[in-house]
Amino acid sequence: MKTTYHIGIDMHAESAVIAWADSHGNLEHHGKCAASIKALVSTLRKLARKLDTPFKDLRVCYEAGPTGFVFARRLIDLGLDCQVVAPSLIPRSPGERIKTDKRDARKLARLHRAGELKAVHIPDRDDEAIRDLCRARTDAVEDCRRAKQQLTAFLLRNGHRYKGGGNWTDAHLRYLRELELQSPVLRSVLEEYLLAIEAANTRIDRLEALMEEALATWARRREVGWLMGLKGFKMVASMTLVSELGDLSRFTHPCQLMAFLGLVPGEHSSGSKRRQGAITKTGNSHARWMLIESSLAYRPRAKVSAQLSKRQDGLPREVKELSWRAQQRLSRRYRRLKARGLHENKAIVAVTRELAAFLWELHHLGLRTAA
């Protein structure tokens with residue numbers, strides 16, 4: 001029989017530790033190399049010569065982490081079978097008390113040979129670039145929110161509290177500009193906070209303009225346009241979700257997408273007892289957060305607003321019908337859950353879970369239309 005070699009790589013920012021396991025039960029540590037594409041490929045070629053096997057027959061795996069997918073893409077381009085595995089789903093023995101890089105590499109090789117590792121989806125280069133752009137916009141929003149919170153706390157410490165209408169409106173900003181403080185130093189501090197907020201808002205606008213420009217040439221722009229036909233999804237939310245989730249064809253059932261987003265309840269059942277707890281919150285947390293934010297739009301009764309109608313211009317009839325069906329079902333679902341006295345957060349999560357199913361249906365509708 002042909003010998004199959006499974007390579008486990010414990011990847012770090014500066015180094016990579018490599019071990020191998022074969023189909024005959026052998027398991028050995030190979031060595032360590034620099035965490036660069038050139039060094040890793042060179043080391044794997046040397047290992048293939050040592051094992052007297054073709055380079056393309058190696059089956060490689062490493063954990064998903066801060067090093068990203070560049071190593072996996074390069075190895076796949078070279079013809080190798082390379083997988084990036086989910087760290088949270090690696091089996092761990094309760095008795096393990098020693099952890100080293102060599103042990104981790106050997107463990108990856110052994111579990112990969114046994115088929116007990118769960119591979120994550122590897123996005124292509126364009127999808128990952130759009131994803132990084134969307135996450136940069138999220139970071140800018142967080143910086144703006146933090147700057148506003150710091151300014152509000154500063155004013156509260158000095159005895160000032162805005163009692164007008166909504167915060168951060170034109171009237172609120174005029175109030176801040178005209179505010180009289182006791183010391184010139186405090187006035188300078190206020191100006192610095194206002195400049196930080198203005199810079200953060202400018203950064204958000206700049207990133208959103210880049211997102212709109214990138215969308216025009218993105219291969220998934222049709223998916224984004226169709227998703228914008230649903231209530232609660234404008235350009236930012238649609239691009240974020242499409243870039244984070246990638247190709248939904250890998251989910252054969254909507255429940256798999258719900259589980260990937262961590263929206264299904266955790267369970268600890270034994271014997272005749274069944275106990276379900278809070279949602280698992282596993283998988284892609286950024287996509288889960290964005291989907292929950294979008295599901296808030298389904299709290300009011302179903303209605304096609306002027307903005308939604310404008311976004312639906314030129315979309316197929318099937319997309320509009322699915323959008324209206326989603327509005328009717330999710331709005332009704334939310335009201336019924338609230339009428340039962342369910343907590344607001346639990347009701348929103350339940351609506352979000354069903355909204356994920358509509359996203360899955362929308363994707364497969366696009367596949368049928370393309371066919």
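Everything here concerns the structure above.
The model shown is predicted, which means the values in this text are computed figures rather than measured ones.

A.B. asks: Now, about the overall build of the chain: what can you tell me, with residues and values included?
C.D. replies: Within the chain, the secondary structure is distributed over 13 helices and 7 strands. Projected onto its principal axes, the C-alpha positions of the chain cover 80 × 55 × 50 Å. For the chain, contacts bridging at least 24 residues in sequence account for 61% of all contacts bridging at least 6. Carbon and sulfur atoms provide 51% of the accessible area of the chain, an area that totals close to 21000 Å².

A.B. asks: Describe the pattern of salt bridges, listing the residues and the values that go with them.
C.D. replies: Under the criterion given, the structure shown has 23 salt bridges. For the salt bridge of Arg131 with Glu128, the shortest nitrogen-to-oxygen distance reads 3.2 Å. You can see Arg131 and its partner Glu128 sitting in helix H4 (residues 125-157), 3 residues apart, about one turn around the helix. For the pair Arg131 and Glu128, a shared accessibility class is recorded, and that class is buried.

A.B. asks: Talk me through the environment of Leu181; I want residue IDs and the actual numbers.
C.D. replies: Along the chain, Leu181 falls in the loop between helix H5 (170-177) and helix H6 (184-215). In the structure, Leu181 is positioned 156 residues away from Gly25 in sequence and 76 Å away in space, judged by C-alpha atoms. Once residues within four sequence positions are removed from consideration, Leu181 is found in contact with Phe154, His160, Leu186, Arg187 and Leu190.

A.B. asks: Lay out the nonpolar core in plain terms, naming residues and giving numbers.
C.D. replies: Judged by nonpolar contacts, the single largest core of 53 residues is most densely connected at Phe233, Met239, Leu241, Leu291 and Leu359. Breaking this core down by element, the ones donating at least two residues are H4, H6, helix H7 (221-227), helix H8 (235-245), helix H9 (254-260), helix H10 (285-295), helix H12 (317-339) and helix H13 (344-370). No other element matches the 12 residues that H13 contributes to this core. Among residues more than four places away in sequence, those in contact with Leu241 are Leu227, Phe233, Gly246, Ala287, Met290, Leu291 and Leu359. Listed in part, the 26 residues of the second largest apolar core include Leu40, Leu58, Val60 and Leu78.

A.B. asks: Quick rundown of the packing of aromatic side chains? Include the residues and the values.
C.D. replies: Geometry of an aromatic ring pair is reported as the spacing of the ring centres plus the angle between the planes. Counted according to the given criterion, the structure contains 5 aromatic pairs. Judged by centre distance (6.4 Å) and plane angle (85°), the ring pair of Tyr62 and Phe71 falls under edge-to-face. Pair check on accessibility: Tyr62 and Phe71 agree, each one buried. Considering the side-chain rings of Tyr162 and Tyr175, the 5.0 Å spacing of their centres and the 45° angle between planes classify their relative orientation as tilted.

A.B. asks: Give a description of the packing of H10 against H13 that names residues and reports values.
C.D. replies: The interhelical angle for the contact between H10 and H13, taken along N-to-C directions, is 105°, at an axis separation of 9 Å. Compared by their axis directions, H10 and H13 come out roughly perpendicular. Here H10 contributes Leu291, Ile292 and Ser295 to the contact with H13, which in turn contributes Ile348, Val351, Thr352, Leu355, Ala356 and Leu359. Here the contact of H10 with H13 is built from residues that sort into 7 nonpolar, 2 polar and no charged.

Cut-offs and rules
Per-chain numbering applies: the sequence of each chain, read as written, is numbered from 1 onward. For this predicted model, a pLDDT threshold of at least 70 governs which residues receive local features, and a threshold of 80 or more governs which side-chain atom pairs are given and counted, while totals over whole chains, interfaces and linings are taken from all residues. Hydrogen atoms and water are omitted, and side-chain values are computed over all heavy atoms in the structure. Where helices and strands are cited, they refer to DSSP runs of H or I of at least four residues and of E of at least two residues respectively, numbered from the N terminus. We call two residues contacting when some pair of their heavy atoms lies within 4.5 Å. Every accessible area reported is derived by Shrake-Rupley at a probe size of 1.4 Å, with residue values counting cover from the shown protein chains alone. A pair is scored as a salt bridge if a Lys or Arg side-chain nitrogen falls within 4 Å of a carboxyl oxygen belonging to Asp or Glu. Residue exposure (1.4 Å probe, protein chains only): buried if accessible area is under 20% of the type maximum, exposed if over 50%, otherwise partly exposed. Residues grouped as a nonpolar core are buried Ala, Val, Leu, Ile, Met, Phe, Trp, Tyr and Cys residues, joined through side-chain atoms within 4.5 Å. Note on ring pairs: Phe, Tyr and Trp rings are taken, using the six-membered ring of Trp, and paired if centres are within 6.5 Å. Classes follow the plane angle, with under 30 degrees stacked, over 60 edge-to-face and the rest tilted. Under this scheme, a helix contributes an axis fitted over its contacting stretch, all axes are lines through C-alpha atoms, and angles between N-to-C directions fall in the 0 to 180 degree range. Roughly parallel here means an angle under 35 degrees, roughly antiparallel means over 145, roughly perpendicular means 65 to 115, and every remaining angle is called oblique. In this classification, Asp, Glu, Lys and Arg are treated as charged, Ala, Val, Leu, Ile, Met, Phe, Trp, Tyr, Cys and Pro as nonpolar, and every other residue, Gly included, as polar.

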